[in-house]
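Spelled out, the chains give:
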Amino acid sequence: MKILINVLWSSILGVSCCTSNGISQNANTTTTKTEIMENNSSQPSQGRRGAMRTVEGNKIIRTVDASQLPFTIGEEFTDENQQFILLIKNFNKPTLSAKINTVEKGRNLRINQIILPDGSADGPFSREMKYTKKQSGTYKIVFGKNLMAEGKLTGNISVTVE
């Protein structure tokens, strides 16, 4: 049933993030290489590229290279206390934007922070953000629950990053 819901959700949003190429696991961490779909309709033949997925406790961490921008990536929150952290390596463009997409209305979800390469942070944001680059390197975008609002966090999301 869970697979059927995930397939239907992916079809509705047009998000493709469903193949696993390898899984390594220990007691606290699970790492999976998954695929992301480029968000570039002018070059559909380029297909997909990989994104590493690691789960550490209540944190889902996806790592991508900035050369893959723009893209849309899917994820599922299975616990009300989870965070989704998107690491974008080698970022050197003038702006970074992200938008959370959900099928369900009323979800308690926002972009909590953007962490810059020097470790400084900015946020919180709403479901969308556009950030002007201050430095080059690895940026982290943290998605999670808005502690000042009601609603459920669990369920499927997709994030469009440009």
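Now for a look at the structure at hand. As the structure is a computational prediction, the values presented were derived from the model and not from experiment.

## Section: the overall build of the protein chain
Looking only at helices and strands, the protein chain has one helix and 12 strands in total. Ordered by position from N to C terminus, the α and β elements of the protein chain give α-β-β-β-β-β-β-β-β-β-β-β-β. Taken over 162 residues, the protein chain has a buried fraction of 40%. Counted over contacts in the protein chain with a minimum sequence separation of 6, partners at least 24 positions apart contribute 63%. Carbon and sulfur atoms make up 50% of the accessible area of the protein chain, which totals about 8800 Å².

## Structural notes on the pattern of salt bridges
This structure, assessed with the given rule, holds four salt bridges. In this structure, the salt-bridge partner of glutamate 75 is arginine 62, at a minimum N-O distance of 2.6 Å. Taken together, the residues glutamate 75 in strand 5 (residues 71-77) and arginine 62 in strand 4 (residues 59-65) connect sequence positions 13 residues apart. Here arginine 62 falls in the buried class, since its relative accessible area comes to 1%. Residue lysine 152 pairs with glutamate 104 through a salt bridge whose shortest N-O separation is 3.3 Å. Of the two residues, lysine 152 is situated in the loop between strand 11 (137-144) and strand 12 (155-161) and glutamate 104 in the loop between strand 7 (95-101) and strand 8 (110-115); the sequence distance between them amounts to 48 residues. Sharing partners across several salt bridges, the network here consists of Arg53, Arg62 and Glu75.

## What about the environment of glutamate 80?
Looking at where glutamate 80 falls in the secondary structure, it is placed in the loop between strand 5 and strand 6 (83-91). Measuring from C-alpha to C-alpha, the distance between glutamate 80 and glycine 151 comes to 9.9 Å, with 71 residues separating the pair along the chain. Residues contacting glutamate 80, with those up to four places away along its chain left out, are Lys145, Gly151, Lys152, Leu153 and Thr154. Engagement of the side chain of glutamate 80 in a polar contact is seen with the backbone nitrogen of leucine 153, the distance being 3.0 Å. In terms of polar contacts, glutamate 80 uses its side chain to reach the backbone amide nitrogen of threonine 154, at 3.4 Å.

What counts and how
- Residues numbered from 1 in each chain as written.
- Predicted model: local features only at pLDDT ≥ 70, side-chain atom pairs only at ≥ 80, totals over all residues.
- Heavy atoms only, no water.
- Helix = DSSP H or I, 4+ residues; strand = E, 2+ residues; numbered from the N terminus.
- Buried < 20%, exposed > 50% of the residue type's maximum accessible area, 1.4 Å probe, protein only.
- Contact = heavy atoms within 4.5 Å.
- Areas by Shrake-Rupley, 256 points an atom, 1.4 Å probe, with all protein chains shown as cover.
- Salt bridge = Lys/Arg side-chain N within 4 Å of Asp/Glu carboxyl O.
- Polar contact = N/O pair within 3.5 Å; in protein donor to acceptor, adjacent residues only side chain to side chain.

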